[in-house]
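An overview of the molecular structure
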Amino acid sequence: MRSSYSDEDVILLLKDITGLVKPQPTEEREKLIQSGKHYSEMLPIEYVPTDKYMKVYYDALENYSKPVANAVGVLADKIISNKGKDVVLVSLARAGIPIGILIKRYIKYKYDIDVPHYSISIIRGRGIDDNAMKYLLDIYKPEQLLFVDGWIGKGAILNELKKDIAVYEGVSDDIAVIADPANVTELCGTHDDILIPSSCLNSTVSGLISRTFLRGDIIGENDFHGAVYHEELIDSDLSYAFIETIEKAFCLENIPDNKSTIEGQGIDEVRAIGENFGIDDINLIKPGIGEATRVLLRRVPWKILIDERYKGEPQLGHLVRLAEEKNVPIEYYPLTHYKCCGIIKKITDA
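Before going into details, it helps to say that this report is about the structure given with it. (Residues numbered from 1 in each chain as written. Predicted model: local features only at pLDDT ≥ 70, side-chain atom pairs only at ≥ 80, totals over all residues. Heavy atoms only, no water.)

1. Notes on the packing of helix H2 (residues 51-83) against helix H3 (residues 96-111)
The angle between the axes and the distance between the axes are what describe a pair of packed helices. Where H2 contacts H3, the axes come no closer than 9 Å and their chain directions differ by 75 degrees. Looking at the two axes, H2 sits roughly perpendicular to H3. Residues Val-72, Gly-73, Leu-75, Ala-76, Asp-77, Ile-79 and Ile-80 of H2 form the contact with H3, whose own contacting residues are Leu-102, Ile-103, Tyr-106, Ile-107, Lys-110 and Tyr-111. Of the residues contributing to the contact of H2 with H3, the split by class is 10 nonpolar, 1 polar and 2 charged. (Axes fitted to C-alpha atoms, helices over the stretch in contact; angles between N-to-C directions. Helix = DSSP H or I, 4+ residues; strand = E, 2+ residues; numbered from the N terminus. Parallel < 35°, antiparallel > 145°, perpendicular 65-115°, else oblique. Contact = heavy atoms within 4.5 Å. Nonpolar A, V, L, I, M, F, W, Y, C, P; charged D, E, K, R; others polar.)

2. Comments concerning the side chain of Glu-291
Relative to the helices and strands, Glu-291 resides in helix H8 (residues 289-298). Taking the relative accessible area as the measure of exposure, Glu-291 reaches 14% and is therefore buried. Every residue in contact with Glu-291, bar those within four places of it in the chain, is listed here: Trp-151, Gly-153 and Lys-286. (Buried < 20%, exposed > 50% of the residue type's maximum accessible area, 1.4 Å probe, protein only.)

3. Regarding the pairing of strand S14 (residues 340-344)
Along S14, 5 of the 5 residues are buried, which leaves the element largely enclosed by surrounding structure. Burial along S14 is two-sided: Cys-340, Gly-342 and Ile-344 and Cys-341 and Ile-343, pointing in opposite directions, are all buried. Direction of pairing for strand S11 (residues 285-287) relative to S14: antiparallel, over a ladder of 3 bridges. Among the inter-strand pairings, Ile-285 is bridged to a residue of S14, identified as Ile-343. Pairing of strand S12 (residues 301-306) with S14, which is carried by 5 bridges, proceeds in the antiparallel orientation. Bridge pairing in S14 links Ile-306 to Cys-340. (Pairing = 2+ DSSP bridges.)

4. Focus on the pattern of salt bridges
Taken as a whole and assessed by the stated rule, the structure comprises 23 salt bridges. Where Glu-41 meets Arg-126, a salt bridge forms, and the shortest distance between an N and an O atom there is 2.9 Å. Remark: Arg-126 occurs in the loop between strand S5 (122-123) and strand S6 (127-128) and Glu-41 occurs in the loop between helix H1 (26-34) and H2; sequence separation between them is 85 residues. When the shortest N-O distance is used, the salt bridge between Glu-324 and Arg-321 registers 3.7 Å. Taken together, the residues span about one helical turn, with Glu-324 and Arg-321 both in helix H9 (residues 317-325) at a distance of 3 residues. A single network of salt bridges, built from pairs that share partners, joins Arg-2, Asp-16 and Glu-231. (Salt bridge = Lys/Arg side-chain N within 4 Å of Asp/Glu carboxyl O.)

5. Quick notes on the sheet that holds strand S1 (residues 11-12)
Taken in spatial order, the 6 strands line up as S1-S4-S3-S7-S8-S9 in an open sheet, and their pairing is parallel. Both outer strands of the open sheet, S1 and strand S9 (188-190), are each paired with one neighbouring strand and no more. Pairing geometry for strand S7 (residues 145-151) and strand S8 (residues 175-179), over 4 bridges, is parallel. Paired with Phe-147 across the bridge in S8 is Ile-175. Each of strand S3 (88-92), strand S4 (117-120) and S7 touches helix H4 (residues 130-139); the most contacted strand, S4, lies at about 155 degrees to it. Packed onto the sheet, helix H5 (residues 156-165) meets S3, S7 and S8 and runs at close to 165 degrees relative to S7.

6. What to know about the nonpolar core
Membership of the largest hydrophobic core comes to 66 residues, with the highest contact counts inside it found for Tyr-57, Ile-103, Ile-196 and Phe-242. Looking at this core, the elements with two or more residues in it are H2, H3, S7, S8, helix H6 (239-248), H8, S12 and H9. It is H2 that contributes the most residues to this core, 14 residues altogether. Every residue in contact with Ile-103, bar those within four places of it in the chain, is listed here: Val-72, Leu-75, Ala-76, Ile-79, Leu-89 and Val-148. One finds Leu-92, Met-133, Leu-136 and Ala-182 within the second-largest nonpolar core, a separate group that totals 25 residues. (Core = buried A, V, L, I, M, F, W, Y, C linked by side-chain atoms within 4.5 Å.)

In C-alpha cells form, the structure reads like this:
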C-alpha cells in the first residue's frame, strides 16, 4: 500500500484500491449508513479545510504538542515495561498510524530499540483483517503483537478487538492509546480528554491514505482490507510535519502518570446522553475530542456538546470553527469524562 510515510516508519498491510471506488458526499453516505449500508463499503469525499480552519489546526499543534509528546512518553514507557523490548507495534489504520510512528520513534529515542511497526484495518461490525493477522503471525510470536490507536471514545473498537482477537491464541487484546477518557484501559498516556492534533485532519495528516474499505466486489478472499492513496493531495500533506512537531517536544524525564480520578466508564455517560436527548442508537453519539472532530469532518452532525467548564477553551477552537462553517449548533452541557461530544443526525432528519 502506498502512502507518504517511509517504510522505516510503518508497513501498511492494506490493499491499494486507488481509482476503484468513487467517494460519496457526506449527506449521501449518512443516509445510506443509517438505512443499513455498512460505512466500510463507501468512502467519503475528503474535507478540504479552509484557511481559517488550518490556522486553528496550527494553533492547536503549537499549543498541544507538549501534552501529546508527554503522553507518548508515558505510553511508550508502559509498553516497554509491560511487553518488553521485542514488542511489535500494530497500529489500527488510519488514526492509529501517526501514533504508532510516534511511539516507535520515542522508543528509539529513549531506549535505542528499533521496534517493528505495521498497520492493519479493523472495522466496527466487520472485524479485524484476518489476512493481515495471519501475515503477522507467520513472522512474529503472538505475544509480541501490541495494537495501537489514537484514543478511545466510548470503547467500540476496543470491544470489537476483544471479540475478534479471541480466535488468535496468545495474542493480547490490549490496546495502547494516547488518550483514554472512557477509563477502560491502563495502557494509555493519559485518561484526560486531550486534543491530539492529528484528529483535526483526515488523510493529509495520515500519510495521504483514506479510511479503510471492505466490500466483496473489490476486496477478495485473500486480500487485505483496502484503502485509497490520495496522491492529488500531496501538496497539502502535513503527515511528517505533525510527527516532527510532536517529536521535538519529546523529553527523557519521568513524566508522572496522570491517574484517572473519575469514577465509572465513559459508556455510562454516553447512555445518559442518549436518554437525555432521546437517542436510542448510541452509535450516533461520539464522545471525546477526537470523535467529535470526526463527526464534523465525516458525518452529518445534529449538534456538538461542549462541557460548560471548557467554554472558550483554545483546544476546542477547531471544533467551534468547524461547527460554525457547517452551521452546527453548539450546546454547553455538563460532561464528566469528556470535554465534548458529537451527536449525529438521525436519518429522519438527515
